[in-house]
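# Inside the fold
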Amino acid sequence: KHAQASGKVFTMNLSAPFLCQFFKEPMLKTLPYVDILFGNETEAETFAKENNFGTTNIAEIALKIAELPKEDNKPRTVVITQGSNPTVVAKDGKTTEYPVIPIADKDIIDTNGAGDAFVGGFLAQLIQGKPVEECVKCGNYAANLIIQRSGCTYPETPDYK
């Protein structure tokens, strides 16, 4: 409510499938204030099942979440990552898919933190006023970088361009 009242962007992450199951009501009470919702495909599918969306199609789920009631007139953006499959973004009644950076299985060391890295990269561009396309590109870069390292670590000087 504070973010909305003060004209700030409020983001939320579905975070884990069990939260969509066991904390469904608090999540649904918060959702009307969420401007940007993040999640991965497993979290999105669980959210859809718990809310009787009747689909497992990620693009359809993202659209349905984007269209849930909101307290203001700003459209909600829903961003769903899918590992090696394209990132799905739903906004204004349409979805767009953005490719991820290809990576060989042998180069994947640790996927812990990939979702958080994605959100960090996305938000780093958002606060600079960049378009969604650039936000997703940076999110995918950050996630790709983190999965090639042990633990949630980055090189001293990332080379994002």
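The structure presented is a predicted model; accordingly, all values stated were derived computationally and were not measured.

### With respect to the overall build of the protein chain
The number of helices and strands found in the protein chain is 7 helices and 5 strands. The helix and strand sequence of the protein chain, counted from the amino end, reads α-β-α-α-β-α-α-β-β-β-α-α. The dimensions of the protein chain, computed from C-alpha atoms along their principal axes, are 40 × 35 × 25 Å. Out of the 161 residues in the protein chain, the part that is buried amounts to 39%. In the protein chain, 56% of the contacts between residues at least 6 apart in sequence involve partners at least 24 apart. Carbon and sulfur atoms form 52% of the exposed surface of the protein chain, whose accessible area is close to 9,100 Å². When the 16 basic and 20 acidic side-chain charges of the protein chain are each reduced to a single mean position, those positions are 6 Å apart.

### Here's the deal with the pairing of strand E3 (residues 77-82)
Most of E3 sits inside the fold, with 6 of its 6 residues counted as buried. On E3, burial covers both faces: Thr77, Val79 and Thr81 on one face and Val78, Ile80 and Gln82 on the other are all buried. By the bridge criterion, 4 bridges tie E3 to strand E4 (residues 85-91) in an arrangement that is antiparallel. Note on E4: the bridge partner recorded for Gln82 is Asn85. Counting the residues in the hairpin turn of E3 and E4 gives 2 residues, including Gly83, whose phi is positive at 60 degrees.

### Some details on the UniProt feature "active site" (unreviewed entry) in the protein chain
UniProt marks Asp116 with the feature "active site" (unreviewed entry), using the numbering shown here. Of note, Asp116 is situated in helix H6 (residues 114-126). Under the relative-accessibility criterion, Asp116 is labelled exposed at 60%.

### Quick word on the UniProt feature "domain: Carbohydrate kinase PfkB" (unreviewed entry) in the protein chain
When the UniProt feature table is mapped onto this chain, "domain: Carbohydrate kinase PfkB" (unreviewed entry) is found at residues 3-155. The span residues 3-155 is 41% helical and 17% strand by assignment, and the distance between its end C-alpha atoms comes to 33 Å.

### Regarding the state of the cysteines
Following the criterion strictly, the structure yields 0 disulfides and no others. Among the cysteines around Cys135, which has no disulfide bond, Cys138 carries the closest sulfur, lying 8.1 Å off.

### Observations regarding the sheet that holds E4
Read from one edge of the open sheet, 5 strands run E1-E2-E3-E4-E5, paired in mixed fashion. The outermost strands of the open sheet, each flanked by one partner alone, are strand E1 (11-13) and strand E5 (94-98). Each strand of the sheet is rotated relative to its neighbour by a mean of 15 degrees, with strand direction disregarded. Where strand E2 (residues 36-40) meets E3, 5 bridges bridge the pair, whose relative direction is parallel.

### What to know about the environment of Glu25
Locating Glu25 in the fold gives a position in helix H3 (residues 24-30). Linking Glu25 and Ala48, residues 23 residues apart in sequence, is a C-alpha distance of 14 Å.

Thresholds, definitions, all that
Residues numbered from 1 in each chain as written. Predicted model: local features only at pLDDT ≥ 70, side-chain atom pairs only at ≥ 80, totals over all residues. Heavy atoms only, no water. Helix = DSSP H or I, 4+ residues; strand = E, 2+ residues; numbered from the N terminus. Buried < 20%, exposed > 50% of the residue type's maximum accessible area, 1.4 Å probe, protein only. Contact = heavy atoms within 4.5 Å. Areas by Shrake-Rupley, 256 points an atom, 1.4 Å probe, with all protein chains shown as cover. Lys, Arg positive; Asp, Glu negative; His and termini not counted. Charge placed at Lys NZ, Arg CZ, Asp CG, Glu CD. Pairing = 2+ DSSP bridges. UniProt positions renumbered as here; feature names shortened; annotations may be inferred. Disulfide = S-S within 2.5 Å. Axes fitted to C-alpha atoms, helices over the stretch in contact; angles between N-to-C directions.

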